[in-house]
Amino acid sequence: MTSLPPAQPLLPLPVLQEAGRRLVAWAEEKLSPLPWRGEKDPYRIWVSEIMLQQTRRETVIPYYRRFLERFPTLQALAAASQEEVLKAWEGLGYYARARSLHAAARQVVERFGGQLPAEQRALLSLPGIGAYTAGAILSLAFGQDAPVLDGNVRRVLCRLALVRKDPRRPGVLRDLWATARAVLVPGQAGRTNEALMELGATICLPRAPRCPACPLADLCRAYGEGAPESVPLSAPRRALPHRQVTAAVIVQAGRVLLTRRYADDLLGGLWEFPGGTCEDGESLPSCLQREIAEELGIEISVGPLLVSLPHAFTHFRLTLHVFLCRLERGEPQALDCAAWRWATLDEAEALPMSVLDRRITTMLRQQAGAELFGGPLRLYK
């Protein structure tokens, strides 16, 4: 295999140094006020960076504040149960981030005396911390001259240097990291990185970039070519597959039957109404009966459809069909789930659930007392 040539900045060093100076000056006036901006506590910076992965900052703000109220220190997070952490994360999505954050906090306590390490290799050894997050922590919390390269920064640098190739290609990615490092103002890497991220989030937008407001406009080759939106190269979007999924509301003595997903599953560790994905040619009721038998070892009768809920994940879409069901035979067993339990709706409120399953509990609260299965649906103590 042919080795890649050494990484090279994509623009001459004087141009990148000038860009860095302008970014720092621009940041002094233009950085948006955010609850983590100006923060020096490595733990709080770490939490914000994990939450900001694949999530808009406007969405993150209330979660960030609530999470730190619940877990104000790294030690408090490490001492919590995974269920408590997932509950605090509920609704923010991409739950693997929460599981990794929790696991990494426990490792920091065990391996580093409860102090987040200020060394790149040690940071990269922790679950959920990659090169970007390590660079953000090192520059923002510890003042080190470490670069960052997230989607926003990558777009800014690709346009600045007019990179028409796929920025995810290994050679291009290495040169982008070299460029991100070269643009840093020594001793002010944190502020340079913040400015790059802010520029990508507010000015150098994927569509309709606000180029006249950019402090780097006269240095930007894509702007000079008159086609900034064509850079960087983006792969065509593929149609997302669609799945038909079923869920059972099984009621007994004022409680509903819930199961917990395996930790390494999608939505791992969350509680849900049991069910699963339909196979080709399978009817919804048949799917639900099969899934419940495989998951819990019980037989159910499938009653009325309560609701159908569409939802989109990153790589697929689904419609969740929720049925009221009755337990006909057997006692639940954890055959294909991490755990199971009977819970009132009040008890379910305290459990971490996905957005879809939380919508089901909300709907059930609204329908409690309705005449279903020949009698009232009673779900309270």
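Each remark here, short or long, concerns the structure printed above.
Fair warning: this is a prediction, and the values are worked out from it, not measured in the lab.

Calculation notes
- Residue numbers here run from 1 along each chain, matching the order of that chain's written sequence.
- Where totals are concerned, whole chains, interfaces and linings use all residues; where local detail is concerned, this predicted model gives features only for residues with pLDDT of at least 70, and gives and counts side-chain atom pairs only at 80 or more.
- The basis for every side-chain value is the complete set of heavy atoms in the structure, and neither hydrogens nor water enter the calculation.
- With a 1 Å grid laid over protein atoms only, a set of points is called a cavity when a 1.4 Å probe fits there but cannot get out and a pocket when it is open yet has protein on both sides within 12 Å along at least five of seven lines; lining residues have an atom within 4 Å of a point.
- Grid points are joined across faces, edges and corners, and a volume is the space filled by probe spheres set on the points.
- Numbering of helices and strands runs from the N terminus; a helix is a DSSP stretch of H or I covering at least four residues, while a strand is a stretch of E covering at least two.
- Each residue is assigned to one of three groups, with Ala, Val, Leu, Ile, Met, Phe, Trp, Tyr, Cys and Pro labelled nonpolar, Asp, Glu, Lys and Arg labelled charged, and all others, Gly among them, labelled polar.
- By convention in this document, the label disulfide applies to cysteine sulfur atom pairs within 2.5 Å.
- Only protein chains enter the accessibility calculation, which uses a 1.4 Å probe. A residue is then buried if its area is under 20% of the maximum for its type, exposed if over 50%, and partly exposed in between.
- By convention in these notes, a salt bridge is any Lys or Arg side-chain nitrogen within 4 Å of a carboxyl oxygen on Asp or Glu.
- In this text, buried Ala, Val, Leu, Ile, Met, Phe, Trp, Tyr and Cys residues form a nonpolar core when linked through side-chain atoms within 4.5 Å.
- We call two residues contacting when some pair of their heavy atoms lies within 4.5 Å.

A. Seen up close, the layout of surface pockets. Roughly 540 Å³ of internal volume is contained in the second largest pocket. Considering the residues around the second largest pocket, the lining is formed by 27 residues, among which Val-245, Arg-261, Glu-272, Gly-275 and Gly-276 are closest to the centre. Counting only elements with at least two residues in the lining of the second largest pocket, the list comes to strand S1 (242-252), strand S4 (275-277), helix H13 (284-296), strand S6 (317-329) and helix H15 (355-367). The class makeup of the residues in the lining of the second largest pocket is 13 nonpolar, 5 polar and 9 charged.

B. Structural detail: the state of the cysteines. Under the counting rule described, the total for this entry stands at 0 disulfides. Residue Cys-211 stays outside any disulfide, its sulfur separated by 6.4 Å from that of Cys-220, the closest cysteine. Residue class for Cys-211 comes out buried when judged on its relative accessible area of 14%.

C. Local environment of the pattern of salt bridges. The final tally for this structure, using the stated rule, is 27 salt bridges. Between Arg-290 and Glu-294 there is a salt bridge, and its shortest N-O distance comes to 3.3 Å. One end of the pair, Arg-290, and the other, Glu-294, are both in helix H13, 4 residues apart, so they sit about a helical turn from each other. Note on Arg-290: relative accessible area 18%, which makes it buried. Owing to a relative accessible area of 42%, Glu-294 belongs among the partly exposed residues under this scheme. Of the charged contacts, one joins Arg-326 and Glu-328 as a salt bridge, the two residues approaching to 3.7 Å between their closest N and O atoms. Residue classification places Glu-328 among the partly exposed residues on the basis of a relative accessible area of 44%.

D. Structural view of the nonpolar core. Among the nonpolar cores identified, the biggest contains 78 residues, and Tyr-43, Trp-46, Met-51, Phe-67, Trp-89 and Leu-160 are the most heavily contacted of them. The greatest single-element share of this core, amounting to 7 residues, is contributed by helix H8 (residues 131-142). Aside from chain neighbours lying at most four places away, what touches Trp-89 is Ile-50, Met-51, Tyr-63, Phe-67, Tyr-94, Tyr-95, Arg-97, Ala-98 and Leu-101. Judged by nonpolar contacts, the second largest core, of 24 residues, contains Ala-247, Trp-271, Leu-320 and Leu-324.

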